[in-house]
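# Inside the fold
Below, each chain spelled out in residue letters.
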Amino acid sequence: MPQKTLADTLAARETIYVNCGHPMCCKSTKLDIQGLIDRLGCDHGSMHDDLVGLFACSNCKAAGRDRRQVFFACIPDYEGQQRARNRDWKPTFGSR
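Rules used throughout
Residues numbered from 1 in each chain as written. Predicted model: local features only at pLDDT ≥ 70, side-chain atom pairs only at ≥ 80, totals over all residues. Heavy atoms only, no water. Pairing = 2+ DSSP bridges. Helix = DSSP H or I, 4+ residues; strand = E, 2+ residues; numbered from the N terminus. Axes fitted to C-alpha atoms, helices over the stretch in contact; angles between N-to-C directions. Buried < 20%, exposed > 50% of the residue type's maximum accessible area, 1.4 Å probe, protein only. Arc of directions from axis to C-beta. Contact = heavy atoms within 4.5 Å. Phe/Tyr/Trp six-rings, centres within 6.5 Å; stacked < 30°, edge-to-face > 60°.

Reading across the sheet, the 3 strands line up as β2-β1-β3 and stay open at both edges, with antiparallel pairing between neighbours. For this open sheet the edge positions go to β2 (28-30) and β3 (71-75), each flanked by a neighbour on one side alone. Across the sheet, the mean angle separating the axes of adjacent strands is 25 degrees when strand polarity is ignored. By the bridge criterion, 5 bridges tie strand β1 (residues 15-19) to β3 in an arrangement that is antiparallel. Pairing of Tyr17 across the sheet is with Ala73, part of β3.

What follows is the structure in C-alpha cells.
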C-alpha cells in the first residue's frame with residue numbers, strides 16, 4: 001500500500017511538477033493529477049518512487065541527450081490552508 005496515493009494528492013489540492021535532471025535542460029512541467037488518476041487509478045502512489053519510472057524528458061529525447069532521472073516538486077495548497085486558518089478569525093478592536 002503506498003504511503004500517499006494520487007487520490008490523496010488531489011484531495012489535498014497539491015500541485016506536482018516533474019523536473020528534468022539534465023543540467024542542459026531543467027524543464028519543468030505541471031502534472032495533471034486527475035489525468036494520472038484516469039490513467040493509473042486513484043490507488044496509485046504519488047510519491048517519487050511510484051512516479052519516477054513513468055516520466056522521461058521529451059526535450060532531451062528530441063535533442064539526443066542521454067536520459068537523466070526526473071525529480072518531483074510537490075507544492076501544498078497554501079491558499080486553502082490560509083483560508084481555513086483565517087475562517088474563524090475576528091478582529092479584536094477593544095478600547096483600553
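Phi is positive for Arg13, which is not a glycine, with a value near 55 degrees. In this model, Cys26 sits at a positive phi of 60 degrees, which is unusual for a non-glycine residue. Inspection of the secondary structure assignment puts Cys26 in the loop between β1 and β2.

This brings us to the environment of Lys61. Within the secondary structure layout, Lys61 lies in helix α4 (residues 58-63). A sequence separation of 21 residues divides Lys61 from Leu40, and the C-alpha atoms of the two residues are 24 Å apart.

Counting along an α-helix, one turn takes 3.6 residues, and residues three or four places apart therefore face a common direction. Inspection of helix α2 (residues 33-40) places Ile33, Leu36 and Ile37 among the buried residues, and these make up the whole buried set. For α2, the arc enclosing every buried residue in end-on projection is 100 degrees, short of the 170-degree limit, so these residues lie on one face. Along α2, the residues that are exposed and aim more than 90 degrees away from the buried face are Asp38 and Arg39. Elements that come into contact with the buried residues of α2 comprise α1 (6-11) and β1. Remark: Gly41 follows α2 within two positions and exhibits a positive phi of approximately 100 degrees.

Under the counting rule described, the total for this entry stands at 1 aromatic pair. For the ring pair Phe55 and Phe72, a centre distance of 5.9 Å and an interplane angle of 70 degrees mean the geometry is edge-to-face. Taken as a pair, Phe55 in the loop between α3 (48-51) and α4 and Phe72 in strand β3 lie far apart in primary sequence, 17 residues in all. By relative accessible area, which is 18% here, Phe55 ends up buried.

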